[in-house]
Amino acid sequence: MRPLLSLPVRLLLATTILAGCQTTGAPPVSATTTSGATKATAAAPASVAPAQPAVSFADWLQALRAEALGQGIRAQTFDRAFANVKLSDRVVELDSSQPEFNRQPWQYLDSAVNDRRVQAGRQRIQDNGALLRRISQRSGVPAEILVAFWGVETDFGNFTGGFSVVDALTTLAYEGRRASYFRTELLAALRILDSGDIPPERMSGSWAGAMGQTQFMPTIFLKHATDEDGDGRRDIWGSLPDVFASTAKFVQANGWRTGERWGEEVTLPAGFPYEQAEYNISKPVSEWRRLGVRPVNGGDLGGEEERAAVLMLAGAQGPAFLVRENFRAIMKYNPSTSYALAVALLSDRLAGRSGVQGSWPRHEPALSRDERIELQERLASLGMEPGTADGIVGANTRNAVRRFQQSIGAVPDGFATKSLLERLRQSAAPVPAAG
Ligand SMILES: [Ca+2]
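Residues numbered from 1 in each chain as written. Predicted model: local features only at pLDDT ≥ 70, side-chain atom pairs only at ≥ 80, totals over all residues.

Caption draft 1: Broad picture of the overall build of the protein. The number of helices and strands found in the protein is 18 helices and nine strands. By the burial criterion, 51% of the 435 residues in the protein qualify as buried. A fraction of 70% describes how many contacts in the protein between residues 6 or more apart in sequence connect residues 24 or more apart. (Helix = DSSP H or I, 4+ residues; strand = E, 2+ residues; numbered from the N terminus. Buried ≥ 20, exposed ≤ 12 C-beta atoms within 10 Å, placed from the backbone. Contact = placed C-beta atoms within 7 Å.)

If you want it as structure tokens, here you go:
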């Protein structure tokens, strides 16, 4: 992940924050990670109170040691890993922050998929041609997809996060907001150290513990990291064969379908039922064709029996994408639609396909967190049922926006904009008289 906050991949946790992103099309958050941090996204954080540990760190560590040894981790491994352990204030700060998502999806996509990155990615494909072909043939995951993950996660290994994974996970397990999740990850990290894949001083990653060039959380590493170069170590920090093979194994396990595409950009006809443009509304491609969905570049959609959803991250004014099962496989790396679209679009460019043809509504400023909460509160007061007013624009909020748009005769695309918020302010429900 990027310089922003490097966040990890693979978080299974998908906290609400993530969930927000994904659904929202807001800039992604971190990958697979768990945490709520989003890599790309986070802007200015608002603070949440960190958890207060109930026991001293020394006592906590002693209990952890007993648990680790009970799981078969050698005392020597544990003691070496914790010889210089430090709790990190910076990690606590990052864990306590709530991403503002004050970025529009195109701003994230511009940073994730641009000419420089496409050039660099094509060069990496050339430099590693034989290796990528071998792994791709074996796994069924195209080289362009593998390199796109690598590019979006760490800019091809340039930004892998500079935190000690043991320090970061220890901090999060001891005093973070998701202590039990991170305790499991910390024990998994110890298991990796115990297996000799990497010495503790080289085990670096993001503040949330996503490691190496693929930003794998330790539990993901244990399941999918692969020793492709045969030196006896699974090294996703320094060995490209291991990096590509591990990524391929994870993507394959996430349900990648050999020979199918992730989807493509499409055009929608006038009168398209925009309320159906939601990631969780999946239909056979043939049905989308009947509704007038067409490839933006002409030709047929193909694969008509496959299931797909129409994804629009910026409402009716922005481009539309028909996303298939392989897009869902990408989402399992990092449950953010913006993230998955970045990987998908980068892979297309690496494969020589064109970039996005439609234009983004770049004149639309992002709503601040306070404005998103206000939007939700106003929608709720009008009986539009946006769900909890948490500042996260997910499917419930979009559907509430659609109800409001329908009520004023606007196109019900669910895209929350400043002008829509203005409109809501003018439609304020009368305040009920007290009593
Ligand atoms: Ca190796």
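Caption draft 2: Layout of the packing of helix α16 (residues 369-381) against helix α18 (residues 418-426). In contact at an axis separation of 10 Å, α16 and α18 are set at 40° when each is read in the N-to-C sense. As judged from the angle between their axes, α16 and α18 are oblique. The chirality of how α16 crosses α18 is left-handed. Together, Glu371, Glu374, Leu375, Arg378 and Leu379 of α16 and Leu421, Leu424 and Arg425 of α18 make up the contact between the two elements. (Axes fitted to C-alpha atoms, helices over the stretch in contact; angles between N-to-C directions. Parallel < 35°, antiparallel > 145°, perpendicular 65-115°, else oblique. Left-handed = near helix turned anticlockwise from the far one by under 90°.)

Caption draft 3: Up close: the pairing of strand β5 (residues 263-267). As paired strands, β5 and strand β9 (residues 320-324) are joined by four bridges and run antiparallel to one another. Bridge assignment links valine 266 to a residue of β9, and that residue is alanine 320. Bridge analysis of β5 against strand β7 (residues 294-295) gives two bridges, and the strand direction is antiparallel. Opposite threonine 267, over in β7, you have arginine 294 as the bridge partner. (Pairing = 2+ DSSP bridges.)

Caption draft 4: Summary view of the sheet that holds strand β8 (residues 307-311). Pairing is antiparallel across the open sheet formed by five strands, whose spatial order is β6-β8-β9-β5-β7. The sheet is open, and its two edges are formed by β6 (283-284) and β7, each paired on a single side.

Caption draft 5: How the structure looks around the environment of valine 165. Residue placement: valine 165 occurs in helix α9 (residues 165-175). As for valine 165 and methionine 217, which are separated by 52 residues in sequence, their C-alpha atoms are 9.6 Å apart. Apart from residues no more than four positions distant in its own chain, valine 165 is found in contact with Ala189, Met203, Ser204, Gly205, Gly209 and Met211.

Caption draft 6: The arrangement of the pairing of β9 in detail. Most of β9 sits out of view: five of its five residues are buried. Where burial is concerned, the two faces of β9 agree: the one with Ala320, Leu322 and Arg324 and the one with Phe321 and Val323 are both buried.

Caption draft 7: Broad picture of helix α17 (residues 395-407). With 13 residues, α17 extends 18 Å between its outermost C-alpha atoms, agreeing within 8% with the 18 Å of an ideal straight helix rising 1.5 Å per residue. Turning to α17, its buried residues are Thr397, Arg398, Ala400, Val401, Arg402, Phe404 and Gln405. The inward-facing, buried residues of α17 contact α16 and α18. Phi turns positive, to about 75°, at glycine 409, one or two residues after α17. (Expected span 1.5 Å × (residues − 1).)

Caption draft 8: View of the confidence of the model for the protein. Looking at the protein as a whole, its pLDDT mean stands at 88, while 86% of the residues score no less than 70. This stretch, residues 1-46, has a pLDDT under 50; its non-local contacts, to residues over four places away or in other chains, come to 213 contacts. (pLDDT = per-residue confidence, 0-100.)

Caption draft 9: Molecular detail of the nonpolar core. Ranked by size, the top nonpolar core spans 105 residues in total, and within it Leu146, Ala189, Ala342 and Val343 carry the most contacts. A domain-level breakdown of this core finds at least three residues from each of domain 1 (263-331) and domain 2 (369-426). If we ignore the near neighbours within four places in the chain, the residues touching leucine 146 are Leu132, Ile135, Ser136, Val141, Phe244, Thr247 and Ala248. (Core = buried A, V, L, I, M, F, W, Y, C linked by C-beta atoms within 7 Å. Domains from an automatic or database assignment.)

Caption draft 10: Structural detail: the packing of helix α6 (residues 115-127) against helix α15 (residues 337-350). Viewed as axis vectors pointing N to C, α6 and α15 meet at an angle of 65°, and their least axial separation amounts to 9 Å. Relative to α15, the crossing made by α6 is right-handed. Between α6, through Arg117, Val118, Gly121, Arg122 and Ile125, and α15, the contact on the second element is made entirely by Leu346, Arg349 and Leu350.

Caption draft 11: Highlighting unusual backbone geometry. Although it is not a glycine, glutamine 215 sits at a positive phi angle of roughly 55°. Note on placement: glutamine 215 falls in the loop between β4 (204-205) and α11 (218-224).

Caption draft 12: Highlighting the environment of glycine 157. By the secondary structure assignment, glycine 157 is in the loop between α8 (143-154) and β3 (163-164). Separated by 56 residues in the primary sequence, glycine 157 and glutamine 213 place their C-alpha atoms 5.0 Å from one another.

Caption draft 13: Highlighting helix α10 (residues 179-194). Taking 1.5 Å as the rise per residue, α10 with 16 residues should run 22 Å; its terminal C-alpha atoms sit 22 Å apart, in good agreement. Considered for burial, the residues of α10 that qualify are Tyr181, Phe182, Glu185, Leu186, Ala188, Ala189, Leu190, Ile192 and Leu193. Where the residues of α10 are buried, they touch α2 (57-70), α3 (75-81), α9 and α11. The first or second residue beyond α10 is glycine 196, which carries a positive phi of 80°.

Caption draft 14: Layout of the environment of arginine 138. Secondary-structure assignment places arginine 138 in helix α7 (residues 129-139). Residue class for arginine 138 comes out partly exposed when judged on the 13 C-beta atoms lying within 10 Å of it.

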